[in-house]
Each structure stands twice: as C-alpha cells, then as structure tokens.
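Summary of structural features
As a plain string of letters, each chain reads:
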Amino acid sequence: MSETSPKLRAELEGIPTYKPGKPAAAGGPVAYKLSSNENPYPPLPGVLESVTGAAASFNRYPDMACTGLMNELSDRFGVPLTHLATGTGSVGVAQQLIQSTAGPGDEVIYAWRSFEAYPIITQISGATSVQVPLTSGEVHDLDAMAAAITDRTRLIFVCNPNNPTGTAVRRAELERFLDRVPSDVLVVLDEAYREFVRDVEVPDGVEFYRERPNVCVLRTFSKAYGLAGLRVGFAIAHEPVAAALRKTAVPFGVSQLAQEAAVASLRAEDELLGRVGSLVCERNRVVESLRGQGWTVPDTQANFVWLRLGERTVDFAAACEGAGVVVRPFPGEGVRVTIGEDEANDIFLKVTEKFHKEL
Ligand SMILES: Cc1ncc(COP(=O)(O)O)c(C=O)c1O
C-alpha cells in the first residue's frame, strides 16, 4: 500500500465550506427554521401530485433537455429556447457560469458580504475572487465594483436583492454600472429573490439581458416557488453563454420530479405569487416592528431581514434558538433571519425586543 494520498488540485486548499442553515431541533420545544431563506408554505396539492406522478418512473433518466420546462420558460419570458439553460438549483447554474468563463489567472468580482457560494465556486474553478465591500448602507458599491475591473475580470455577480442584507440596487445605478463594464465581461444578475421585490425602481434583470449580450439573469424555483428541496434553477443568457451552460451542465442534473414540479409551479403561479404577497406583508410587519423597537434594519426586498450585530451575533443567535427559532449567524457580522410562519416571526420579534432593551 502506498503511503501517499491521491494528488488533489492545489486550488482546493483553504476553500471555505458552504454552511447550510441550521435545521430546527428535532423533538425539542417548538422550533422554526428561519436560517435558509426557504418558503414556509408546504407544496401546493397540484404540485405535489405532479411530483408523485413523476416518481412512478424514477427508474428512468430524466429528460436531459428539460423540454417541457424550457418551453414553459421560453413562453413565459418571451426568450428563445437557445437563450435558456437549467441546472441543479441556481447555485448549480452559477457554478457552470464560472466554469464557462474563468480559470486560473482570471478574476471574478462580487460584493461582500453576499451569497456565500460565490467564493466557493470561484475558488473551485481556480480563478481569483475580488470582493468589493458593501457600502455602509449594506448595498452593493457599484462604483467600487466598476473600479475593480481589470483585464483579468471574466465575470461579475450582482446579487439583486443581496443575500444576506436584502438590499437591492436600482435601475439607474445598475444601468450606469453596466455602461462601465466592458462588453467581453459577463455580468450575472443573480435574482434568486426577484419575486419578493416591491420597489418599482429595482429592475427586472431580464430588461437588461434583452439589450446587452453580456448580461445573464439567474433565477430559481427554490424561494418564491417553494421547490428548494428539488433543486432546479435556470439562466437567461445570450447564445454563446447559454450554449456554454449547456456544455458545462452535469448530464441529467435536473431530475424529472424537479422538472414536473417546476412546470406545475409556473402553471400555479397566481396562487404561489399570492403566497409571496403574504410573505411580503409579513416582511413589512417584521421590519416595521424591528424599527419600532429601535433597531436599524436595511430596507429589504427579499424574504429575509438583516441585523448587523457585530460581536453580539452569536449570543443573539443563541437567544433565538433558545426561544424556538433558528436563524443564520455570520459571526462578528450579523444575522440573517428568514420571514417564516407568522408565529415564528412573532417569536423572533419577542427576542429582538428583549435583546434591544438589554443593549
Ligand atoms: C442569492 C442566491 N443565489 C442563488 C441561490 C441558490 O439557490 P438554489 O440553488 O436553491 O436555486 C441562493 C440560495 O440561497 C441565493 O441566496
């Protein structure tokens, strides 16, 4: 037996591991999971039926081309089939986007703090992350991001609304930024939370994709559509990029269950978007209550709120857990708290009230 272990790529050393939101404790006191930006509503009966129907033939491989889903998306967004690509969640598509554009020596720009998968998938590709701090208002600093572009830049993520702060950039500033990006650099507008946006000045990225061949829009069925456990997301991008995404896809990555559920969800969109509307009302209630208690809360356009707690982050997360809600701490920075069931939001607000009084 040889004593050396298989050689792994040096780029993998020191890679940050993705921390999934902590689950609610099983068997403990009432516990709600507000740590993963999931949709608290259970699947719609019709969507569940489509999945159980598809389950009867899971001895077969799925339709690799996701034909039914692609057709639905093409109609819905008014884009050609050749401008669409699906993947195992939008994080899967994001990874394909990096694999398609960047490797060792190249740079990927994104705001920080933002979606925690960006540094991981960038490092896996061997490219270098260029992290541009958010402004003091917790928003993307698009001027600084434009200034960070070099001749090595291959891809820029704009997470809109931003995870974990919930803040969104508006049309005029995004347009100004896009004007400054060279046309051979891909800009990925990651719109995982698009359906929760209510600020009319926050643009639908598809508008920009239509005018600019270097803009790609990422969307997911995990949040507003409630299919997080099934893993399906997609990109809308011009042909060379969309074609590259199809080349870099894991063959048969999107299961037939996920494909059927996504199609059924698009067809049940009115009902699902009604649920999103209720979550947005709850979000507004939570934000107003927090501000009423004296907290500074950035304006969120997503299904979560951000509290910058600095050194008190871990204690606050523990207090939440003790009260029955699990939140997502970023130690030393703050906590991200998903808008969940009304009772869960109430428990969270009780903790924040007590915590603020003790500050
Ligand atoms: C900004 C952002 N993009 C992408 C994703 C990935 O979602 P999924 O892979 O479930 O589509 C998330 C999930 O939390 C996210 O917050």
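As recorded by an unreviewed UniProt entry, the chain carries the name Aromatic amino acid aminotransferase and is attributed to Streptomyces neyagawaensis. Its UniProt record gives the chain a comment under Cofactor (unreviewed entry), which states: "pyridoxal 5'-phosphate". For the record of the chain, the UniProt heading Subunit (unreviewed entry) holds the text "Homodimer."

**Brief notes about the overall build of the chain**
Each helix and strand counted, the chain has 12 helices and 12 strands in total. For the chain, the C-alpha radius of gyration of 21 Å lies close to 21 Å, the compact-globule estimate for 359 residues. Judged by the C-alpha coordinates and their principal axes, the chain covers about 60 × 55 × 50 Å. Within the chain, the fraction of its 359 residues that count as buried is 53%. Expressed as a percentage of contacts within the chain between residues at least 6 apart in sequence, the contacts between residues at least 24 apart total 72%.

**A few points about the packing of aromatic side chains**
What the rule picks out here adds up to 14 aromatic pairs. Geometrically, the ring pair formed by Phe316 and Phe348 is edge-to-face, given 6.3 Å between the ring centres and 90 degrees between the ring planes. One end of the pair, Phe316, is in helix α11 (residues 313–323); the other, Phe348, is in helix α12 (residues 342–357), with 32 residues separating them in the sequence. Exposure class is identical for Phe316 and Phe348. Each is buried. Of the aromatic side chains, those joined through ring pairs into one cluster are Tyr18, Tyr110, Trp112, Phe115, Tyr118 and Phe157. Positioned above the aromatic ring of Phe330, the side-chain terminus of Arg328 is 4.3 Å from the ring centre. Over the ring of Phe304 we find Arg336; its NZ or CZ atom is 6.0 Å from the centre of that ring.

**Considerations on the environment of Gly277**
Tracing the backbone through its elements, the reader meets Gly277 in helix α10 (residues 269–293). Along the sequence, Gly277 and Thr128 sit 149 residues apart, while their C-alpha atoms lie 39 Å from each other.

**Here we look at the site of the ligand**
Near the ligand you find 13 residues, and of these Ser90, Tyr193, Thr220, Ser222 and Arg231 are the closest. At 3.0 Å from an oxygen atom of the ligand is found a main-chain nitrogen or oxygen belonging to Val91. For the ligand, an oxygen atom lies 2.6 Å from a polar atom in the side chain of Tyr193. Bound to the protein, the ligand loses 94% of the 390 Å² it would expose on its own.

**A closer look at the pattern of salt bridges**
Evaluated as defined, the whole model comprises 20 salt bridges. A salt bridge links Arg219 to Asp204, with the shortest nitrogen-to-oxygen separation between them at 2.9 Å. Note that Arg219 is positioned in strand β7 (residues 215–220) and Asp204 in the loop between β6 (186–190) and α7 (205–211), a separation of 15 residues in sequence. On the basis of relative accessibility, which here comes to 6%, the residue Arg219 falls in the buried class.

**Some details on the sheet that holds strand β9 (residues 304–308)**
Strand pairs in the sheet, formed through backbone hydrogen bonds, run parallel or antiparallel to each other. What the 3 strands build is an open sheet, ordered β9-β12-β11; its pairing is antiparallel. In the strand order of this sheet, the two ends are held by β9 and β11 (328–330), each with one partner. Strand-to-strand twist of the sheet, defined as the mean angle between neighbouring strand axes without regard to direction, takes the value 20 degrees. Relative to strand β12 (residues 334–338), β11 runs antiparallel, the two sharing 3 bridges. Paired with Arg328 across the strands is Arg336, a residue of β12.

**Observations concerning helix α1 (residues 45–55)**
Among the residues of α1, those classed as buried are Val47, Ser50, Val51 and Ala54. For α1, the arc enclosing every buried residue in end-on projection is 95 degrees, short of the 170-degree limit, so these residues lie on one face. Relative to its buried face, α1 has exposed residues pointing more than 90 degrees away, namely Pro45, Glu49 and Thr52. Looking at the packing, one finds that the buried side of α1 touches α9 (256–267).

**Here's the deal with the UniProt feature "domain: Aminotransferase class I/classII large" (unreviewed entry) in the chain**
Within this numbering scheme, the UniProt entry marks residues 33–349 as carrying the feature "domain: Aminotransferase class I/classII large" (unreviewed entry). Overall, residues 33–349 shows 42% helix and 17% strand. The separation of its end C-alpha atoms is 15 Å.

How each quantity is defined
Residues numbered from 1 in each chain as written. Predicted model: local features only at pLDDT ≥ 70, side-chain atom pairs only at ≥ 80, totals over all residues. Heavy atoms only, no water. UniProt positions renumbered as here; feature names shortened; annotations may be inferred. Helix = DSSP H or I, 4+ residues; strand = E, 2+ residues; numbered from the N terminus. Rg over C-alpha atoms; globule rule 2.2 N^0.38 Å. Buried < 20%, exposed > 50% of the residue type's maximum accessible area, 1.4 Å probe, protein only. Contact = heavy atoms within 4.5 Å. Phe/Tyr/Trp six-rings, centres within 6.5 Å; stacked < 30°, edge-to-face > 60°. Lys NZ or Arg CZ within 6 Å of the ring centre and 35° of its normal. Near = heavy atom within 4 Å. Polar contact = N/O pair within 3.5 Å; in protein donor to acceptor, adjacent residues only side chain to side chain. Areas by Shrake-Rupley, 256 points an atom, 1.4 Å probe, with all protein chains shown as cover. Salt bridge = Lys/Arg side-chain N within 4 Å of Asp/Glu carboxyl O. Pairing = 2+ DSSP bridges. Axes fitted to C-alpha atoms, helices over the stretch in contact; angles between N-to-C directions. Arc of directions from axis to C-beta.

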